[in-house]
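One letter stands for each residue in the lines below.
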Amino acid sequence: MIHWKIDDGIGVVTFDSPNGNMLTLNDLQSFNKILSELPLNVEALLIEGSDHAFCTGVKVDSSEVVKTFEQLDCLLLQLYAMKIPVSIALQGHAIGAGFLLLCCADYVYSVGSERMKFGLPEVKLALGVDELMINLLHSTLPLSVMEPLISMGEYVNYRKMIEWKLIDEITVDSPQEKCIIWMKERTGCKQSFCFCKQIMRKDVCMKMAEAYRQSCYLELAGLFHR
């Protein structure tokens, strides 16, 4: 389940599902609808997870495989291409789709817990990542990091995520409050922030959009049915 609210100009998306906030097809469709119909008064976006997880992947129904991966790719593209500031408040695991969502954010505040896991274990599930996801990962991570992360499917801890700059800051306070402060600072210079973000992400957005137009998600759907 996804909860949505607007609080003082900040749109807040909260993942709230059993089993580590895994996203269903309905969740992905709901999130995409929120982004495509974002009101003009929303100046920044905060994404968070309930309990002790951010997001631990996507729950795929065997009868909705293609739709699920299509909606996931659509979400990643929409989120990465957003002009407004996007921040993630991290209090738990970010695995699979959760890890990819971190790559879309402008800033990530996190608690520092040794119990938190991060990674792309899809290779161990006989899956992988498609071309759109590769472009997203490559925009954030050097090839030397990205290749073993994808091919080995091993989990890493929050210290490694800081080293890779996928977590920007550790806080002992509420990461949600820290995210709101960070976004409020950015909305004060919204025009320049949005302009710089668009220019910096333009090439990757074009590559991701082209991969989506080529239905790259069919690759994952094919692997799922093997």
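Structure shown above.
Cut-offs and rules
- Residues numbered from 1 in each chain as written.
- Predicted model: local features only at pLDDT ≥ 70, side-chain atom pairs only at ≥ 80, totals over all residues.
- Heavy atoms only, no water.
- Salt bridge = Lys/Arg side-chain N within 4 Å of Asp/Glu carboxyl O.
- Helix = DSSP H or I, 4+ residues; strand = E, 2+ residues; numbered from the N terminus.
- Buried < 20%, exposed > 50% of the residue type's maximum accessible area, 1.4 Å probe, protein only.
- Polar contact = N/O pair within 3.5 Å; in protein donor to acceptor, adjacent residues only side chain to side chain.
- Expected span 1.5 Å × (residues − 1).
- Pairing = 2+ DSSP bridges.

> So what about the pattern of salt bridges? Which residues, and what values?
Two side chains of opposite charge can pair, provided their charged atoms sit close to one another. Within the structure shown, the criterion is met by 8 salt bridges. A salt bridge links Glu114 to Arg159, with the shortest nitrogen-to-oxygen separation between them at 2.2 Å. Note that Glu114 is positioned in the loop between strand 7 (107-110) and strand 8 (118-119) and Arg159 in helix 7 (residues 158-163), a separation of 45 residues in sequence. Of the residues examined, Arg159 reaches a relative accessible area of 46% and is grouped as partly exposed.

> Report on the side chain of Asp106, specifying residues and quantitative values.
One can find Asp106 in the loop between helix 4 (97-104) and strand 7. Residue Asp106 is classed as buried on the basis of its relative accessible area of 19%. Side-chain polar atoms of Asp106 contact the backbone nitrogen of Val86, separated by 2.7 Å. A polar atom in the side chain of Asp106 sits 2.8 Å from the side chain of Lys197.

> I'd like a rundown of helix 3 (residues 65-80), residues and numbers included.
Spanning 16 residues, helix 3 covers 23 Å between terminal C-alpha atoms, matching the ideal 22 Å at 1.5 Å per step. Where burial is concerned, most of helix 3 is hidden: 12 out of the 16 residues are buried. Within helix 3, the full set of buried residues consists of Val65, Thr68, Phe69, Gln71, Leu72, Asp73, Cys74, Leu75, Leu76, Leu77, Leu79 and Tyr80.

> If you had to explain the pairing of strand 3 (residues 44-49) to someone new, which residues and values would you point to?
The buried count for strand 3 comes to 6 of 6 residues, which makes it a mostly enclosed element. The alternating pattern of strand 3 places Ala44, Leu46 and Glu48 on one face and Leu45, Ile47 and Gly49 on the opposite face, and all of these are buried. Across 6 bridges, the pairing between strand 2 (residues 10-15) and strand 3 is parallel. Of the residues in strand 3, the one forming a bridge with Phe15 is Gly49. By the bridge criterion, 4 bridges tie strand 3 to strand 5 (residues 86-90) in an arrangement that is parallel. Each residue of the ladder has a partner; that of Leu46, found in strand 5, is Ser87.

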